[in-house]
Amino acid sequence: MTNECKPRIAVYPGSFDPVTLGHLDIIRRSAKQFDKVIVAVLNNLSKNPLFTVEEKKELLRTATADIPNVEVDGFRDLLVNYMDKKEAHVIVRGIRTVTDFEYEMQLASTNQKLNERIETIFMMTNPKYSYLSSSMVKEIARFGGAVGEFVTPEVEQALRRKYSDMN
Ligand code: ADP
């Protein structure tokens, strides 16, 4: 098979703790650019996540159910090794601010050093969501605030359930 015939597979890795409308905007836009987009939830306990990987995957699956070329998966491998397994060559990341840019550039350079076939592609946030982060959403939900503007109804409900279980 020549390179041209291979499906163009991108991986959008992240914590997604939980998925926000900002993430979903990036997923929708990248699904238009690639044959397949794998949304890959990093299993990283050092970040002290609110949701389990299974819960995060379920919320992502529900939110992306109408996009046929999006697949949701989890990984705990080095990203470049995971990408090899999935035969993916492109990493998609979202950029909101200059601070994001500095961190993302370091990450992209490291991944390129580890595997020079891998390209990182940055998508600028939709300005509507430039302030939006999972941590901000969690902070609001923790104190009983409404997060319906920032996440899907299923995520809003899951947040409510999590925090009421904790109290
Ligand atoms: P990570 O812990 O890997 O940064 P996140 O779930 O916070 O995981 O973010 C995953 C990716 O989505 C990152 O590239 C991040 O910059 C991007 N992202 C997060 N929120 C937004 C948003 N509101 N708009 C665009 N990109 C975003």
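Calculation criteria
In this numbering scheme, every chain counts its residues from 1 along its sequence in written order. Per-residue local features are limited, in this predicted model, to residues with pLDDT of at least 70; the limit for side-chain atom pairs, both in listing and counting, is 80 or more; totals at the level of whole chains, interfaces and linings are taken over all residues. Note that water and hydrogens are dropped before the side-chain values are worked out from all heavy atoms of the structure. UniProt positions are given in the numbering used here, feature names are shortened, and annotations may be inferred rather than shown by experiment. Each helix is a run of H or I in the DSSP string that is no shorter than four residues. Each strand is a run of E no shorter than two, and both are numbered from the N terminus. Burial status follows relative accessibility: with a 1.4 Å probe on protein chains alone, a residue under 20% of its type maximum counts as buried, one over 50% as exposed, and anything between as partly exposed. Paired rings are identified among Phe, Tyr and Trp, the last through its six-membered ring, by centres lying within 6.5 Å, and are further divided according to the angle between planes into stacked (under 30 degrees), edge-to-face (over 60) and tilted (the rest).

Within an unreviewed UniProt entry, the label attached to the chain reads Phosphopantetheine adenylyltransferase, and the organism entered is Paenibacillus agilis. On record in UniProt, under Sequence similarities (unreviewed entry), the comment for the chain is "Belongs to the bacterial CoaD family."

Draft legend 1. Looking closely at the environment of Pro 7. When you line up the elements, Pro 7 lands in the segment before strand 1 (9-14). Since its relative accessible area comes to 47%, Pro 7 is described here as partly exposed. For the pair Pro 7 and Phe 34, spaced 27 residues apart in sequence, the C-alpha separation works out to 8.1 Å.

Draft legend 2. How the structure looks around the packing of aromatic side chains. This structure, assessed with the given rule, holds three aromatic pairs. Arranged with centres 5.1 Å apart and planes meeting at 80 degrees, the rings of Tyr 12 and Phe 16 form a pair that is edge-to-face. Phe 16 shares its class with Tyr 12; the two are buried. For the ring pair Phe 75 and Tyr 82, a centre distance of 4.9 Å and an interplane angle of 25 degrees mean the geometry is stacked. In this structure Phe 75 comes out as buried when scored by relative accessible area, which is 8%.

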